[in-house]
Amino acid sequence: MPQFNKWRKASIYDLDKDHICDVRVEMTNDTITLVFPEEIQESTLESLESAKVVFYDEQKGLVTYDKCRLTDHKRRGERLLAHCILGEEESVVQRRNDLKLRQIVPVSIQAYDTNTGEKINVNATIQDISAGGIYFISEMLFEVGERFSFLFRRTAEPLRLECEVLRRQPYTGRGNYLPGSMMGYGCRFINMNDRKESAIRSYVFREDLLARRREREMLQGF
């Protein structure tokens, strides 16, 4: 049993890296118990000879174990429980070095006019996202330290995320933009609770797995 871990949530994947579900984790001195959502049936667990499990560790970040066995299935009310026997530790993505997903996501930023103090909506495009923050581009000029929020709709439940601008620079990347018309902003998330952080981590990890899988399938097609 790994030491010093505080695991409360995890994501379950089959060995083809298809996402099965997210689970709650209960830990005792020598047992890891996974609590499944109500919609998961026992037939689903029985079909999994082994699974890839990504734990959300409060100290380490994302900890992935391959070839885990799910045993001793039983019910607690409407939910299935299973003991998790860990397989091989595959990877650790540190919190300070969170997995970064490069993905183009148009959003509407809710900010405040620095002159009038009135609430304004600004069009922006996220270029990458991690559990720690985002990098986005916009025609709007934001100051370092300025705060804003936006509704992120790519997770299972839309999330209102708050950010603080850490740095800015002229954007010179791809896109049909006039030179000097766009600024790029590196931002950190603020006021994040466990639910939001877990949802973003899970989203980024799943999308990264899907992107890697598509890349493998394309290479196999040649």
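First, a word on what this report is: a plain description of the structure on this page. Residue numbers here run from 1 along each chain, matching the order of that chain's written sequence. At least 70 in pLDDT is required for a residue's local features to be given in this predicted model, at least 80 for side-chain atom pairs to be given and counted, and no such filter applies to totals for whole chains, interfaces and linings, which use all residues. Remark: hydrogens and water are excluded; side-chain values derive from all non-hydrogen atoms of the structure.

1. Some words on the side chain of Thr125
- One can find Thr125 in strand β9 (residues 119–129).
- On the basis of relative accessible area, Thr125 is assigned to the buried category, the value being 17%.
- Not counting residues up to four positions away in its chain, the partners in contact with Thr125 are Ile104, Val105, Pro106, Tyr135, Phe136 and Ile137. Labels follow the DSSP assignment, with helices taken as runs of H or I lasting at least four residues and strands as runs of E lasting at least two, numbered in each case from the N terminus. For each residue, the accessible area found with a 1.4 Å probe, counting protein chains only, is set against the maximum for its type, and the residue is called buried under 20%, exposed over 50%, and partly exposed in between. Only heavy atoms enter the contact rule, under which two residues are in contact if any of them lie within 4.5 Å.

2. With respect to the pairing of β9
- We treat two strands as partners when DSSP finds at least two bridges between them. Judged from the 10 bridges that link them, strand β8 (residues 101–112) and β9 form a sheet pairing that is antiparallel. Bridging from a neighbouring strand, Ile109 pairs with Val122 of β9.
- What sits between the antiparallel neighbours β8 and β9 is a turn of 6 residues, in which Gly117 has the positive phi angle 80°.
- Pairing of β9 with strand β10 (residues 133–138) involves 4 bridges; the strand directions are antiparallel.

3. Concerning the side chain of Ser11
- As for its placement among the helices and strands, Ser11 is situated in strand β1 (residues 7–13).
- What makes Ser11 buried here is its relative accessible area of 0%.
- Ignoring any residue separated from it by four or fewer positions in sequence, one finds Ser11 in contact with His19, Cys21, Asp22, Lys52, Val53, Val54, Tyr56 and Ser202.

4. Quick look at the pattern of salt bridges
- A side-chain nitrogen of Lys or Arg and a carboxyl oxygen of Asp or Glu constitute a salt bridge if their distance falls within 4 Å. All told, the structure shown has 11 salt bridges when counted by the stated rule.
- Of the charged contacts in the structure, one is a salt bridge between Glu143 and Arg168, with a shortest N-O distance of 3.7 Å. Taken together, the residues Glu143 in the loop between β10 and β11 (147–152) and Arg168 in strand β12 (residues 159–170) connect sequence positions 25 residues apart.
- The exposure class of Glu143 is partly exposed, given its relative accessible area of 41%.
- On the basis of relative accessibility, which here comes to 33%, the residue Arg168 falls in the partly exposed class.
- Beyond isolated ion pairs, a larger network of salt bridges with shared partners links Arg24, Glu26 and Arg76.

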